[in-house]
Amino acid sequence: MPNSNIRLIIEKNIPFVKGLLDPYATIRYLAPEEITPKAVRDCDGLMIRTRTRCDRELLERSEVKMIATATIGTDHIDADYCRSRTITVTNAPGCNAPAVAQYVFATLLHTINRPLQSYTIGVVGVGHVGEIVVRWADAFGMKVLRCDPPRQRAEGGDNWVGLATVAREADIVTFHTPLTHEGEDATWHLAGEEFFAQCRRAPIFINSARGGIVDTQALIEAKRQGRVGPLIIDCWEGEPDINTELLGLCAIATPHIAGYSIEGKVRASQIALDALTTFFMMPRVSVEGELPPACARAVSKAEVLESYDPMPESDALKAAPSDFEKIRNAYPLRHEARESKDAD
């Protein structure tokens, strides 16, 4: 029998978890729109994704003590409010980093018309995802510009550039920062009018991080003026109600599925499960699914192209932008790109 003293809500679209905690707690599996103030009122813990906004409006009258988000990002969670209520919040850092890197190179290889090694790529944010992108780009023989002010200050060295240098010198710009609104390194609208005004080489522009990193109107204007080249957009301001003008300007447009790999979902679900079972002192449970021992150190172009084709989702989204959530939720999870010693 489940422990009726522990009451949990699990977002029903989170894969690989259904039934695992049922022997130890009272579980409700709800769609994001069903996770309401009324639903959480007598709930002790939540397992969610980005579509559940956890703030005062949702949590004020609740008994929630712990939130585990099966995502890297936490910008859907009001951290200050949760701290004020002593609500523990955990996320799943790095869980889908290899899949996002796979997305970056797969979409590039569907877009470019020259060998990869002839391009300079600017990687803005060199964390879990950005580090893999840098490593694979190096293996492909590309010139890499690494932009990460917090790491630059912490680590020093001369292997860093500023955002203005990325704008001036990169043929490809890809963003991999968290979304933050305050502080010295705030990333809200980091790619805005000032950034695009400095672009000199009409770079391929990729956002597979967070929609709010990019000022949508500034990007549209930059594209209209020829300051940027092909647009590859997976993360959008205002999701799921995306800007259809920007959509029409994209070479590749996808519904926030860059990180949607089988391995990434297994990692995220396991991390969230571990957080819940530890917090509520339940037995550890394991998802089904074998993980690779580590992210591929290098991949081949052939392997990347074989492992992921972004065009079906891009075509579907362009044909029916109002189906953003439907396409996203129906996305068939892919396997990550496999290790290859031959970058060609």
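Residues numbered from 1 in each chain as written. Predicted model: local features only at pLDDT ≥ 70, side-chain atom pairs only at ≥ 80, totals over all residues. Heavy atoms only, no water.

Some thoughts on the overall build of the chain
Counting secondary structure elements, the chain contains 14 helices and eleven strands. Here the chain holds 344 residues, and the buried ones make up 54% of them. Within the chain, residue pairs in contact and separated by at least 24 positions form 63% of the contacts whose partners lie at least 6 positions apart. Of the roughly 15,300 Å² that the chain leaves accessible, carbon and sulfur atoms contribute 49%. Each charge sign in the chain was given a centre, from 38 positive and 47 negative side chains, and these centres are 1 Å apart. (Helix = DSSP H or I, 4+ residues; strand = E, 2+ residues; numbered from the N terminus. Buried < 20%, exposed > 50% of the residue type's maximum accessible area, 1.4 Å probe, protein only. Contact = heavy atoms within 4.5 Å. Areas by Shrake-Rupley, 256 points an atom, 1.4 Å probe, with all protein chains shown as cover. Lys, Arg positive; Asp, Glu negative; His and termini not counted. Charge placed at Lys NZ, Arg CZ, Asp CG, Glu CD.)

Focus: the nonpolar core
Counting residues in each nonpolar core, the largest one holds 40 residues, and the members touching the most others are Phe105, Leu108, Ile121, Val133, Trp136, Met142 and Ile172. Secondary-structure elements contributing two or more residues to this core are helix 4 (97-109), strand 6 (120-124), helix 5 (128-139) and strand 9 (204-207). Counting residues per element, this core draws most heavily on helix 4, which supplies nine residues. Contact partners of methionine 142, with chain neighbours within four places excluded, come to Phe105, Leu116, Gln117, Tyr119, Ile121, Ala137 and Ile172. Core analysis: the second largest hydrophobic core is formed by 35 residues, Val161, Leu219, Leu246 and Leu247 among them. (Core = buried A, V, L, I, M, F, W, Y, C linked by side-chain atoms within 4.5 Å.)

Details of the sheet that holds strand 3 (residues 45-48)
Paired through their backbone hydrogen bonds, the strands of a sheet run either parallel or antiparallel. Strand order across the open sheet formed by five strands is 2-1-3-4-5, with parallel pairing between neighbours. Unpaired on one side and paired on the other, strand 2 (26-30) and strand 5 (88-90) mark the two borders of the sheet. Direction aside, the axes of adjacent strands within the sheet are offset by 15° on average. On top of the sheet, helix 11 (residues 262-279) reaches strand 1 (7-11), strand 3, strand 4 (66-69) and strand 5; it is set at about 165° to strand 4, its chief contact. (Pairing = 2+ DSSP bridges. Axes fitted to C-alpha atoms, helices over the stretch in contact; angles between N-to-C directions.)

A look at unusual backbone geometry
Cis peptide bonds are those with omega within 30 degrees of zero, and the linkage from glutamate 239 to proline 240 qualifies with 5°. Of note, histidine 189 is a non-glycine position whose phi angle comes to about 55°, a positive value. For histidine 189, the position within the fold is in the loop between strand 8 (172-175) and helix 8 (193-197). Residue histidine 189 is classed as partly exposed on the basis of its relative accessible area, which comes to 26%.

Details of the side chain of threonine 120
Mapped onto the fold, threonine 120 is located in strand 6. Look at threonine 120 and you get buried, because its relative accessible area is 9%. Dropping the residues within four chain positions of it, threonine 120 is found in contact with Lys143, Leu145, Glu169, Ala170, Asp171 and Ile172.

Looking at the environment of glycine 211
Among the structural elements, glycine 211 can be located in the loop between strand 9 and helix 9 (216-224). A C-alpha to C-alpha distance of 7.9 Å links glycine 211 and glutamate 239, two positions 28 residues apart in sequence.

Points about helix 4
A rise of 1.5 Å per residue sets the reference length of helix 4, with its 13 residues, at 18 Å; its end C-alpha atoms lie 19 Å apart and thus fit the reference within 8%. Burial runs high along helix 4: 13 of the 13 residues are buried. (Expected span 1.5 Å × (residues − 1).)

Some details on the environment of glutamine 217
Relative to the helices and strands, glutamine 217 is located in helix 9. Considered as a pair, glutamine 217 and leucine 246 are 29 residues apart in the sequence and their alpha carbons are 8.3 Å apart.

Points about helix 9
Owing to its 3.6 residues per turn, the α-helix aligns residues three or four sequence positions apart on the same side. When helix 9 is considered as a whole, its buried residues turn out to be Thr216, Ala218, Leu219, Ile220 and Ala222. Residues of helix 9 that are buried in the fold lie against helix 8, strand 9, strand 10 (231-233) and helix 10 (244-249). Its side-chain oxygen 3.2 Å from the backbone nitrogen of glutamine 217, aspartate 215 forms the N-cap of helix 9. Following helix 9 by one or two positions, glycine 226 adopts a phi angle in the positive range, close to 80°. (Polar contact = N/O pair within 3.5 Å; in protein donor to acceptor, adjacent residues only side chain to side chain.)

Looking at the packing of aromatic side chains
Within this structure, the stated rule accounts for nine aromatic pairs. Here phenylalanine 105 and tryptophan 136 contribute two aromatic rings whose centre-to-centre distance is 6.1 Å and whose plane-to-plane angle is 50°, an arrangement assigned as tilted. One end of the pair, phenylalanine 105, is in helix 4; the other, tryptophan 136, is in helix 5, and 31 residues separate them in sequence. A relative accessible area of 0% places phenylalanine 105 in the buried class. Residue tryptophan 136 is classed as buried on the basis of its relative accessible area of 2%. With 5.8 Å between their ring centres and 80° between their planes, phenylalanine 175 and phenylalanine 195 make a pair best called edge-to-face. Residue phenylalanine 175 is located in strand 8, and its partner phenylalanine 195 is located in helix 8; the two are separated by 20 residues in the primary sequence. Taking relative accessible area as the criterion, phenylalanine 195 reaches 3% and is therefore assigned buried. When the ring centre of tyrosine 119 is taken as reference, the NZ or CZ atom of arginine 114 above it lies at 4.1 Å. (Phe/Tyr/Trp six-rings, centres within 6.5 Å; stacked < 30°, edge-to-face > 60°. Lys NZ or Arg CZ within 6 Å of the ring centre and 35° of its normal.)

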